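Close look at the chain arrangement
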Amino acid sequence: MRTRWGAAVAAVVLSLSGLVAGSASAAAPPPAVWCEFTPTPDNPAARPVLPPPPLAPTIGTLDVTFRFNYGPVTVRLDRAGAAPCAVQNMTSLVLQRFYDSSRCWRLTDSARLGVLQCGDIYEVEKGGPGYRFPDEVDGTETYERGTVAMGNQGPGTNGSEFFIVHSFAHIPANYSVLGTVVRGMDVLDRMVAAGIIPTERGPRDGEPAAPVTIDRADLGG
């Protein structure tokens, strides 16, 4: 077990920190920001993962494909956008296989909110990575169809939870935007068409009627 995790950690560091370091012959490393990933011992990791490397690149984009049981959805993460630490975090969790074989516990389709919420291992808003990090918002964020953003349980509580907007989300600009779906919105549409189990939050806010799972998440399209 120790050997396997040593290799996994090395892969994360090489894949992420190497993006910042650049080649030895480069005149200067690409721009980057320092991120603060704070352990949450009162809310331990639902699966064994390490916090991401703290130096986050702020150049370019990176694709992640979530292979749902309904089909693949490819997300383009924007390192140069307003939330490079959130992008660093999702990249790290994908590399460490945190999202593999996990459920998406919440689907909404109301006049105010149309999102699929994923990233919680146990149930809605329970089962994170064992750390948190600050919001990256400036108050101008909007959440149109295809937007991918961090979910949270209040200011500065980002972890592994994220949501994908399948219609629109008329919500305050409190959620860090990571990027946009570039392939697979029809997959989200099929999830919505399959229905939602009503809850106390409303008739169109609950678990997907047919369970939605992330079978695997991978870097690339």
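As a reminder, the structure under discussion sits directly above these lines.
In this report, the structure presented in the accompanying data block is examined. (Residues numbered from 1 in each chain as written. Predicted model: local features only at pLDDT ≥ 70, side-chain atom pairs only at ≥ 80, totals over all residues. Heavy atoms only, no water.)

1. What about helix H2 (residues 84–95)?
Defined as follows: The secondary structure listing takes helices from DSSP runs of H or I that are at least 4 residues long and strands from runs of E that are at least 2 residues long, numbered from the N terminus. Given the number of residues in a helix, its expected span is that number minus one, multiplied by 1.5 Å. Categorising residues by exposure relies on relative accessible area from a 1.4 Å probe, with only protein chains included: less than 20% of the type maximum marks a residue as buried, more than 50% marks it as exposed, and the intermediate range marks it as partly exposed.
Taking 1.5 Å per residue, twelve residues should reach 16 Å; H2 reaches 16 Å between its end C-alpha atoms and fits that length. Burial in H2 covers these residues: Pro-84, Cys-85, Ala-86, Val-87, Gln-88, Asn-89, Met-90, Thr-91, Ser-92, Leu-93 and Val-94. Immediately beyond the C-terminal end of H2, within one or two residues, lies Arg-97, with a positive phi of roughly 65 degrees.

2. With respect to the packing of aromatic side chains
For clarity, the threshold we go by: Here a Phe, Tyr or Trp ring, Trp counted by its six-membered ring, pairs with any other such ring whose centre lies within 6.5 Å, and the pair is stacked when the planes are under 30 degrees apart, edge-to-face when over 60, and tilted otherwise.
Following the criterion strictly, the structure yields ten aromatic pairs and no others. Between Phe-37 and Phe-133, the ring centres sit 5.4 Å apart and the planes meet at 65 degrees, which makes this aromatic pair edge-to-face. Taken together, the residues Phe-37 in the loop between strand E1 (32–34) and strand E2 (38–39) and Phe-133 in the loop between strand E9 (131–132) and strand E10 (147–150) connect sequence positions 96 residues apart. Among the residues examined, Phe-37 registers a relative accessible area of 12% and is labelled buried.

3. Remarks on the environment of Trp-34
Defined as follows: Here, residues are in contact when the closest pair of their heavy atoms is within 4.5 Å.
Residue position: Trp-34 is located in strand E1. For Trp-34, a relative accessible area of 62% translates into the label exposed. Along the sequence, Trp-34 and Cys-85 sit 51 residues apart, while their C-alpha atoms lie 7.9 Å from each other. In this view, Trp-34 contacts Pro-54, Leu-55 and Cys-85; residues no more than four positions away in its chain are not counted.

4. Quick notes on the nonpolar core
Basically, it comes down to this: Remark: nonpolar core denotes a set of buried residues (Ala, Val, Leu, Ile, Met, Phe, Trp, Tyr, Cys) joined through side-chain atoms within 4.5 Å.
Ranked by internal contacts, the top residues of the largest apolar core, which has 43 residues, are Phe-66, Phe-68, Tyr-99, Leu-116, Phe-162 and Ile-214. Among residues more than four places away in sequence, those in contact with Leu-116 are Phe-68, Cys-104, Arg-106, Leu-107, Phe-162, Phe-163, Ile-164, His-166, Leu-188, Met-191 and Val-212. One finds Leu-113, Ala-149, Phe-163 and Ala-173 within the second-largest nonpolar core, a separate group that totals nine residues.

5. A look at the state of the cysteines
As a reminder, the rule being used: Whenever a pair of cysteine sulfur atoms sits within 2.5 Å, that pair is classed as a disulfide.
Tallied over the full model, the rule gives two disulfides. Disulfide pairing places Cys-35 opposite Cys-85 at an S-S distance of 2.1 Å. Taking the torsion about the sulfur-sulfur bond, which here is approximately -90 degrees, the covalent link between Cys-35 and Cys-85 counts as left-handed. Taken together, the residues span a long stretch of sequence, with Cys-35 in the loop between E1 and E2 and Cys-85 in helix H2 at a distance of 50 residues. Its relative accessible area of 3% is what places Cys-35 among the buried residues. Cysteine pairing for the chain (bonded cysteines numbered in sequence order): 1-2, 3-4.

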